Amino acid sequence: MRRALELARRGWGATHPNPMVGAVIVERDQIVTEGWHKRDGGPHAERVALANLGRAPAADATLYVTLEPCSTPGRTGACTEAILASGLRRVVVGTVDPNPAHAGRGLEILRAAGVEVRSGVLESECKDLNLIFNHWIVRGTPLLAAKAAVTLDGKIASRSGDSQWITNELARADVHRWRRLFPGIAVGAQTVLTDNPSLTSRRSGEPEWCPWRFVFDGHLRTVVDRAMPRIYTDEHHARTIVVTTQHGGLGYVRKLERLGVTVWTLESSTPQVSFSAFRQRCAAEGIFGVCFEGGAQLLSGLLRARETDYLFIYRAPILLADERAPGVFRGLRPDKLAQAVRLADTRHEVFGDDELLRGRVVYPEKILIDEIAPGLG
């Protein structure tokens, strides 16, 4: 199953809206064929493995697959049918299909046909593989994640604004790995004005990849200056979407559209962009996951609105101990620990001296919000 997981990750970022899946067939305790789902619309991992084998599996053959074989025809045919047609008599599954309408059905079909089925092998790892797909298929909305790089005391810069770099090269390379997975990356207007980022995934040995690049700019402040930010003029500018409100000004909207940049004007009674409206628009456009990379005002606004589904926190062994240094989150005022936001299903990874803590965000029943916390413009 670990080898099947390795294979599944080869489809990293290329299978949306489908999940990443890997499969191997074992005969006499040896892997004899492998397969993985390479892209949306392509054959599923089980069918690839069977095709690569090029013959009928041996009598003792076992199929290991990270996700329950599909039981509906879809575009490529039900994998349960292919498994039964091949004569396989034993199947080991990592995790069941998260879709409530199909969960367990494929296993039932195989068992009813006399196939020995075992499930739940490396289940946690197999579930974690498809964070975006799992959220989408269960809730029907995109996964909105937040990412930050912080010091030990939760600061994102010194009091002077110096922030490059808090984390080391290994941690920053991992950020680019996740950028390749998420269909969209989002930042606020201040990040664009201050850092002029490219927001692409740049990994050694791979071509540069550009996700959908979202700029939250309720006032369209990023369009005022004559010198436009690089994401409005670079070779990937057609992948840039400015998310604004009707308070931004039609002249600035037209200026962006002349450059070939898309503008989403979302209804709002204030210049603050509605995160719930953004989520709905992404769902309508078929964008299944967006990672918010800051800054603090954007991430805090997303948390205050209870719209953060997942959180990535990269932490470096640096201590500022300065109350005037900016922190990553603000605007909540829990009186008790029971009122705090928590992470569940956490994962921990180490990158040299730095570490990553990530997990699903769990909100308390009632969130207390600081009324004087700044809004998102």
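Just so it is clear, the model here is predicted, and its values are computed rather than measured.

Things to note about the packing of aromatic side chains
Here comes step 1: Throughout the structure, instances matching the rule amount to 14 aromatic pairs.
Here comes step 2: With a centroid separation of 6.2 Å and 80 degrees between ring planes, the pair formed by F182 and F312 is classed as edge-to-face. Of this pair, F182 sits in the loop between α7 (169–181) and β7 (184–188) while F312 is found in strand β12 (residues 310–315), placing the two residues 130 residues apart along the sequence.
Here comes step 3: Judged by centre distance (5.9 Å) and plane angle (80 degrees), the ring pair of F278 and F292 falls under edge-to-face. Here F278 is found in helix α10 (residues 275–285), whereas its partner F292 is found in strand β11 (residues 289–292), with 14 residues between them in sequence.

Notes on the sheet that holds strand β3 (residues 62–67)
Hydrogen bonds between backbone atoms are what pair the strands of a sheet, whose relative direction is either parallel or antiparallel.
Here comes step 1: Here 5 strands make up an open sheet; going across it, the order is β2-β1-β3-β4-β5 and the pairing mixed. Both edges of this open sheet fall to β2 (30–36) and β5 (116–119), since each of them pairs with a single strand only. Direction aside, the axes of adjacent strands within the sheet are offset by 20 degrees on average.
Here comes step 2: Where β3 and strand β4 (residues 90–95) come together, 4 bridges link them in parallel fashion. Following the sheet pairing, V65 is matched in β4 by V93.
Here comes step 3: Contacts from helix α2 (residues 45–53) reach β1 (22–27), β2 and β3 within the one sheet, and its direction differs from that of β2 by about 130 degrees.

Some points on the confidence of the model for the chain
Here comes step 1: Across the chain, the average pLDDT comes to 92, with 98% of residues at or above 70.
Here comes step 2: Contacts of residues 372–377 to residues separated by more than four positions or lying in other chains number 19 contacts, the stretch itself having pLDDT below 50.

A look at the packing of α2 against helix α3 (residues 79–86)
Here comes step 1: For the pair α2 and α3, interaxial distance at closest approach is 9 Å and the crossing angle is 30 degrees. In terms of their interaxial angle, α2 and α3 are classed as roughly parallel. Two packed elements cross with a definite hand, and for α2 against α3 that hand is left-handed. Here E46, R47 and L50 of α2 come into contact with α3, specifically with C79, A82, I83 and S86.
Here comes step 2: Considered class by class, the residues forming the contact of α2 with α3 number 4 nonpolar, 1 polar and 2 charged.

Topic: the pairing of strand β8 (residues 212–216)
Here comes step 1: Within β8, 4 of the 5 residues are buried, which leaves the element mostly enclosed by the surrounding structure.
Here comes step 2: Across 5 bridges, the pairing between β7 and β8 is parallel. Counterpart to G184 in the pairing with β8 is W212.
Here comes step 3: When β8 meets strand β9 (residues 240–244), the two strands line up parallel, connected through 4 bridges. Each bridged residue has a counterpart across the sheet, and for F216 the counterpart in β9 is V243.

About the criteria used
Each chain carries its own residue numbering, running from 1 in the direction its sequence is written. Where totals are concerned, whole chains, interfaces and linings use all residues; where local detail is concerned, this predicted model gives features only for residues with pLDDT of at least 70, and gives and counts side-chain atom pairs only at 80 or more. Note that water and hydrogens are dropped before the side-chain values are worked out from all heavy atoms of the structure. What counts as a ring pair is set by centres within 6.5 Å for rings of Phe, Tyr and Trp (its six-membered ring), and what kind of pair is set by the plane angle: stacked under 30 degrees, edge-to-face over 60, tilted for all other angles. A run of H or I in DSSP counts as a helix once it spans at least four residues, and a run of E counts as a strand once it spans at least two, with each numbered from the N terminus. In short, DSSP must find at least two bridges between two strands for them to pair. Lines are fitted to the C-alpha atoms to define the axes, a helix being fitted only along its stretch in contact, and any angle between axes, read from their N-to-C directions, falls within 0 to 180 degrees. Residues are treated as being in contact if the distance between any of their heavy atoms lies within 4.5 Å. Residue-level confidence of the predictor is summarised by pLDDT, bounded by 0 at the bottom and 100 at the top. Here the angle decides the label: under 35 degrees means roughly parallel, over 145 means roughly antiparallel, 65 to 115 means roughly perpendicular, and every other value means oblique. A crossing counts as left-handed when the near helix is turned anticlockwise from the far one by less than a right angle, and as right-handed when that turn is clockwise. By the convention adopted, Pro, Cys, Tyr, Trp, Phe, Met, Ile, Leu, Val and Ala count as nonpolar, Lys, Arg, Asp and Glu as charged, and the other residues, Gly among them, as polar. Each residue's exposure class comes from its accessible area (1.4 Å probe, protein chains only) as a fraction of the maximum for that residue type: buried when under 20%, exposed when over 50%, partly exposed otherwise.

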